[in-house]
Amino acid sequence: MHAHVTTLNEFIIERQSDFPYAKGELSRLLTHIGLAAKIVNREVNKAGLVDILGEAGGTNIQGESVKKLDVFADRRFIEALRASGECAGIASEENDEIVKFKTDLAKDGKYIVTMDPLDGSSNIDVNVSIGTIFSIYRRISPRGHEATLEDFMQRGTKQVGAGYVIYGSSTMLVFTTGRGVNGFTLDPSIGEFCLSHPNMQIPLSGTIYSINEGNYIRFPGGVKKYIKYCQESDRQTQRPYASRYIGSLVADFHRNLLKGGIFIYPQTESHPEGKLRLLYECNPMAFVMEQAGGMATDGMGTRILDIKPESLHQRAPFFVGSRRMVEKAEEFMRAERMAEEEARVAG
Ligand code: AHM
């Protein structure tokens with residue numbers, strides 16, 4: 001006899017009562033996101049077999065080459081969100097401007113969604129884990145009209161839901177609606193996401209640091225010193241830490257969430273604002289991380305969720321993970337800033 005498994009749909013229905021003010025719209029939206037994830041997962045899994053690998057020919061707003069699977073995932077998620085009738089528009093990495101849904105049903109939608117439909121796309125061709133990241137906000141503009149840019153320029157604290165899908169050795173959907181974090185693993189035999197990781201919590205501290213050390217010489221002094229700290233021996237804090245970096249935010253984040261660790265993508269000379277995008281990479285991950293008991297900052301003392309967005313594709317430095325580790329990295333950043341300031345004043 002099999003123990004009863006809770007499917008995503010059952011879970012969403014059960015949790016509906018957590019939101020007495022909601023009339024099921026958020027639940028329906030999440031159900032549609034789960035459906036799109038299954039379709040994208042199917043394509044990701046057979047990517048090596050069909051003509052879907054490689055470049056689509058264009059570049060996105062960030063000047064990065066767009067892969068065919070990126071385009072496919074973007075379309076699938078847009079279709080699913082439009083069909084849900086709960087979403088008035090989306091902002092995605094693959095579209096320069098916001099996509100406003102024009103149907104009467106969608107114009108009446110209560111929410112807007114930001115997403116990175118296929119994150120870590122440089123890993124597609126080599127069969128390494130990639131993911132989808134999404135974030136849900138209540139719109140500011142009146143229902144019954146098209147969504148506006150203002151709807152998307154909300155602080156991360158305004159998110160009502162956020163999460164990610166990881167297409168890995170198994171496929172998982174991890175999300176929060178502000179009451180903890182839950183993880184669902186796709187059971188391919190029944191085609192359902194099943195609750196496998198209820199109430200996920202990141203350890204207070206861990207032994208993994210994740211950063212692209214190839215950029216070392218371009219890092220701020222505080223980050224360099226923190227890396228040195230990670231590499232030193234200390235029994236009490238279990239250092240040296242292990243360095244683990246996949247280059248897919250979702251995969252690096254997911255591993256650190258389960259095991260405890262810190263992920264850093266700081267500002268560098270080539271990316272003075274950092275590389276990752278605030279609206280559809282940093283904010284959703286920061287919301288999940290805080291809900292799991294962790295921390296997310298810009299490394300300069302500002303909580304990611306408090307940053308007021310000024311543009312759709314804005315970037316932010318990203319320090320995220322176990323609370324004690326992010327605090328420590330912040331400490332090094334602060335000390336370095338003070339030393340620089342003292343040196344400047346001393347002339
Ligand atoms: P992408 O949206 O083009 O896939 O880029 C985002 C990815 C993240 O998944 C990852 O954390 C980061 O870029 C890796 O960047 P780098 O190769 O500079 O280390």
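Definitions and limits used
- Residues numbered from 1 in each chain as written.
- Predicted model: local features only at pLDDT ≥ 70, side-chain atom pairs only at ≥ 80, totals over all residues.
- Heavy atoms only, no water.
- Pairing = 2+ DSSP bridges.
- Helix = DSSP H or I, 4+ residues; strand = E, 2+ residues; numbered from the N terminus.
- Expected span 1.5 Å × (residues − 1).
- Buried < 20%, exposed > 50% of the residue type's maximum accessible area, 1.4 Å probe, protein only.
- Contact = heavy atoms within 4.5 Å.
- Axes fitted to C-alpha atoms, helices over the stretch in contact; angles between N-to-C directions.
- Near = heavy atom within 4 Å.
- Polar contact = N/O pair within 3.5 Å; in protein donor to acceptor, adjacent residues only side chain to side chain.
- Areas by Shrake-Rupley, 256 points an atom, 1.4 Å probe, with all protein chains shown as cover.
- Phe/Tyr/Trp six-rings, centres within 6.5 Å; stacked < 30°, edge-to-face > 60°.
- Lys NZ or Arg CZ within 6 Å of the ring centre and 35° of its normal.
- Domains from an automatic or database assignment.
- Buried area = accessible area lost by both parts, 1.4 Å probe.
- Salt bridge = Lys/Arg side-chain N within 4 Å of Asp/Glu carboxyl O.
- Nonpolar A, V, L, I, M, F, W, Y, C, P; charged D, E, K, R; others polar.
- Disulfide = S-S within 2.5 Å.
- Patch = residues over 30% accessible without salt bridge, like charges linked within 9 Å, V, L, I, M, F, W, Y side chains within 5 Å.
- Parallel < 35°, antiparallel > 145°, perpendicular 65-115°, else oblique.
- Left-handed = near helix turned anticlockwise from the far one by under 90°.

(A) Local environment of the sheet that holds strand β4 (residues 99-100). As summarised here, the arrangement of the 8 strands in space is β4-β3-β5-β6-β7-β8-β9-β10, forming an open sheet in which the pairing is mixed. Because the sheet does not close on itself, it has two edges, and the strands there are β4 and β10 (192-197). In this structure, strand β6 (residues 130-138) lies alongside strand β7 (residues 159-167), joined through 8 bridges in antiparallel fashion. Residue pairing across strands places Gly131 opposite Ile166, the latter belonging to β7.

(B) Structural context of helix α3 (residues 68-84). Over its 17 residues, α3 runs 25 Å from end to end, which matches the ideal 24 Å to within 8%, given 1.5 Å per residue. Of all the residues in α3, the buried ones are Leu69, Asp70, Phe72, Ala73, Asp74, Phe77, Ile78, Ala80, Leu81 and Ser84. Following α3 by one or two positions, Gly85 adopts a phi angle in the positive range, close to 75°.

(C) How the structure looks around the sheet that holds strand β11 (residues 208-210). Here 5 strands make up an open sheet; going across it, the order is β12-β11-β13-β15-β14 and the pairing mixed. Both outer strands of the open sheet, β12 (242-243) and β14 (295-297), are each paired with one neighbouring strand and no more. Bridging between β14 and strand β15 (residues 318-321) involves 3 bridges; their strand directions are antiparallel. For Ala296, the partnering residue across the bridge sits in β15 and is Val320. Its contacts with the sheet put helix α7 (residues 249-259) on β11, β13 (262-265) and β15, and the angle it makes with β11 is roughly 165°.

(D) Geometry of the site of the ligand. Looking at the ligand, there are 17 residues lining it, with Asp119, Gly120, Tyr245, Leu249 and Tyr265 nearest. Between an oxygen atom of the ligand and a side-chain N or O atom of Asn212, the distance comes to 2.8 Å. Measuring from an oxygen atom of the ligand, one finds a side-chain N or O atom of Tyr265 at 2.6 Å. For the ligand, the protein covers 84% of the area, taking 470 Å² as the surface of the free molecule.

(E) Looking closely at the packing of aromatic side chains. Under the criterion given, the structure shown has 10 aromatic pairs. Measuring from centroid to centroid gives 5.7 Å for Phe175 and Phe184, while their planes differ by 10°, and the two rings are stacked. In textbook terms, an aromatic cluster arises when at least three aromatic residues are bridged by ring pairs, as seen for Tyr226, Tyr229, Tyr241 and Phe332. Against the face of Tyr229 rests Arg239, its NZ or CZ located 3.7 Å from the ring centre.

(F) A look at the domain arrangement of the protein. By domain assignment, the protein separates into domain 1 (8-197) and domain 2 (208-346). In this assembly, 49 residues from domain 1 lie in contact with 33 residues from domain 2. Of all residues in domain 1, the largest losses of buried area upon contact with domain 2 belong to Met153, Arg155 and Tyr164, amounting jointly to 22% of the total for that side. Between the two partners, domain 1 and domain 2, sit 1 salt bridge. Between domain 1 and domain 2 we count 15 residue pairs in polar contact (both at pLDDT 80 or more) in total. Breaking the side of domain 1 that touches domain 2 down by element, the ones donating at least two residues are β3 (87-92), β5 (111-119), β6, α5 (149-152), β7 and β8 (171-176). For the side of domain 1 that touches domain 2, the element with the most residues is β7, which contributes 8 residues. Considered class by class, the residues forming the side of domain 1 that touches domain 2 number 20 nonpolar, 21 polar and 8 charged.

(G) Up close: the state of the cysteines. Scanning the entire structure with this criterion turns up 0 disulfides. Note on Cys230: no disulfide assigned, nearest cysteine sulfur contributed by Cys282 at a separation of 19 Å.

(H) Representation of the pattern of salt bridges in the model. For the structure shown, the criterion picks out 19 salt bridges. Arg323 is the salt-bridge partner of Glu327, the closest N and O atoms lying 3.9 Å from each other. Of the two residues, Glu327 and Arg323 are both situated in helix α9 (residues 323-346); the distance of 4 residues between them amounts to about one turn of the helix. Classification of Arg323 by relative accessible area gives partly exposed; the value is 31%. Arg344 serves as the salt-bridge partner of Glu341, at 2.7 Å between the closest nitrogen and oxygen. Linking Glu341 with Arg344, this pair stays in helix α9, spanning 3 residues, or about one helical turn. On the basis of relative accessibility, which here comes to 38%, the residue Glu341 falls in the partly exposed class.

(I) Structural detail: a nonpolar patch on the surface. A surface patch of nonpolar side chains, about 220 Å² in accessible area, is lined by Val126, Val128 and Ile246. Note that Ile246 resides in the loop between β12 and α7.

(J) Structural view of the packing of helix α1 (residues 8-15) against helix α2 (residues 25-45). Closest axis-to-axis distance for the α1/α2 pair is 10 Å, and the angle between their directions is 165°. Looking at the two axes, α1 sits roughly antiparallel to α2. Judged by the twist between their axes, the crossing of α1 over α2 is right-handed. The segment α1 lies against α2, with Leu8, Asn9 and Ile12 engaging Ser27, Leu30, Thr31 and Gly34. Among the residues forming the contact of α1 with α2, the class breakdown is 3 nonpolar, 4 polar and no charged.

(K) Structural detail: the packing of α2 against α3. Interaxial distance between α2 and α3 falls to 9 Å at its minimum, and their mutual angle equals 155°. With respect to α3, the element α2 is oriented roughly antiparallel. Crossing handedness for the pair α2 and α3: right-handed. Note on element contacts: α3 touches α2 through Leu69, Phe72, Ala73, Arg76, Phe77, Ala80, Leu81, Ala83 and Ser84, opposite Leu29, His32, Ile33, Ala36, Ala37, Ile39, Val40, Glu43 and Val44.

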